[in-house]
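# Structural description and commentary
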Amino acid sequence: MSPEQPRGDNPIDALASTLDALDRHLHRADVVIKRSESNRLSLLHIHAAAALVIAPLFWSIGSAGMTGPSWVVLRAIPGMPGSLAVVLAVGGLVLAVSTTLRHKRVEIVGLAMLLAWYLTIAVGFGAASVVWVAGSNSPAQRPSFYAAAVYTHLAVIMAVHIRTLRRMSRRRR
């Protein structure tokens, strides 16, 4: 009897035991992978739904709602806020449909549109802070630093989703 072989087991029983353990391990791994994929798809659907809800709300701000110091740079974008609301809505729609149909390359397009929107807003609000620092520095005209941080965070989340999808697509080739 070899030292690796359990006492009382013949080689066939030992092999069967090893294969049963491997089967249990693979089943648990499959459950974890399916749960992870389900969670990832749920997150993408939440991002898509949020974009579709936020887009008309953003449009409804109107030019009258963009009068504060935080909007000083974003006001210069042609057609604001409608032009950016359209980018957000189309990105949300593309993401919703492509995630439902499980088309990863098109999911990346939808996420890229959301990333572009979040980056534009983050840079616009951040640039307003730079304009304030370089300008009058009047406390009454100080823009919100908070908004730039929030939208930067959301842009990073979109970039992480894109990176994940790209890595998944490369592994399956």
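Residues numbered from 1 in each chain as written. Predicted model: local features only at pLDDT ≥ 70, side-chain atom pairs only at ≥ 80, totals over all residues. Heavy atoms only, no water.

## Here's the deal with a nonpolar patch on the surface
The line we're drawing: The patch calculation keeps residues exceeding 30% relative accessible area without a salt bridge and links them within 9 Å when they carry like charges or within 5 Å when they are nonpolar (Val, Leu, Ile, Met, Phe, Trp, Tyr). The protein chains shown are the only cover counted for residues, whose accessible areas, like all others here, come from Shrake-Rupley with a 1.4 Å probe. Salt bridge, as used here, is a side-chain nitrogen of Lys or Arg placed within 4 Å of a carboxyl oxygen of Asp or Glu. Numbering of helices and strands runs from the N terminus; a helix is a DSSP stretch of H or I covering at least four residues, while a strand is a stretch of E covering at least two.
A cluster of nonpolar side chains, contributed by Leu15, Leu19, Leu22 and Leu26, occupies part of the molecular surface with about 380 Å² of accessible area. Structurally, leucine 15 can be placed in helix H1 (residues 11–59).

## Regarding helix H2 (residues 82–101)
Rule in force here: Given a helix with a known number of residues, its expected span is that number minus one, times 1.5 Å.
For H2, spanning 20 residues, the distance from its first C-alpha to its last is 28 Å, which sits close to the expected 28 Å at 1.5 Å a residue. Looking at the residues trailing H2, positive phi occurs at arginine 102, about 60 degrees.

## Considering the packing of aromatic side chains
Definition in use: Ring geometry is summarised as follows: Phe, Tyr and Trp rings, the Trp one being its six-membered ring, pair when their centres sit within 6.5 Å, and such pairs are stacked at plane angles under 30 degrees, edge-to-face over 60 and tilted between the two. Three exposure classes are used, based on accessible area relative to the maximum for each residue type with a 1.4 Å probe and protein chains only: buried under 20%, partly exposed in between, and exposed over 50%.
With the rule as written, the count across this model stands at 8 aromatic pairs. Between phenylalanine 58 and tryptophan 117 the ring centres are 5.2 Å apart and the planes differ by 80 degrees, which places this aromatic pair in the edge-to-face class. Note that phenylalanine 58 is positioned in helix H1 and tryptophan 117 in helix H3 (residues 104–134), a separation of 59 residues in sequence. The residues phenylalanine 58 and tryptophan 117 share a single accessibility class, namely buried.

## Remarks on unusual backbone geometry
Of note, the amide linkage connecting methionine 80 to proline 81 takes the cis form, showing an omega dihedral of 0 degrees. Here arginine 102, not a glycine, exhibits a phi torsion of approximately 60 degrees, which is positive. Take arginine 102: it is sitting in the loop between H2 and H3. You can call arginine 102 partly exposed: its relative accessible area is 38%.

## A look at the side chain of serine 98
Worth spelling out the cut-off: Here a polar contact means two N or O atoms within 3.5 Å. Within protein one must be a hydrogen donor candidate and the other an acceptor candidate, and residues neighboring in sequence count only if both atoms are side-chain atoms.
Secondary-structure assignment places serine 98 in helix H2. Given a relative accessible area of 2%, serine 98 falls into the buried group. Reaching out from serine 98, the side chain makes a polar contact with the backbone nitrogen of glutamate 107 at a distance of 3.3 Å.

These values are about where atoms sit, not about what they do.
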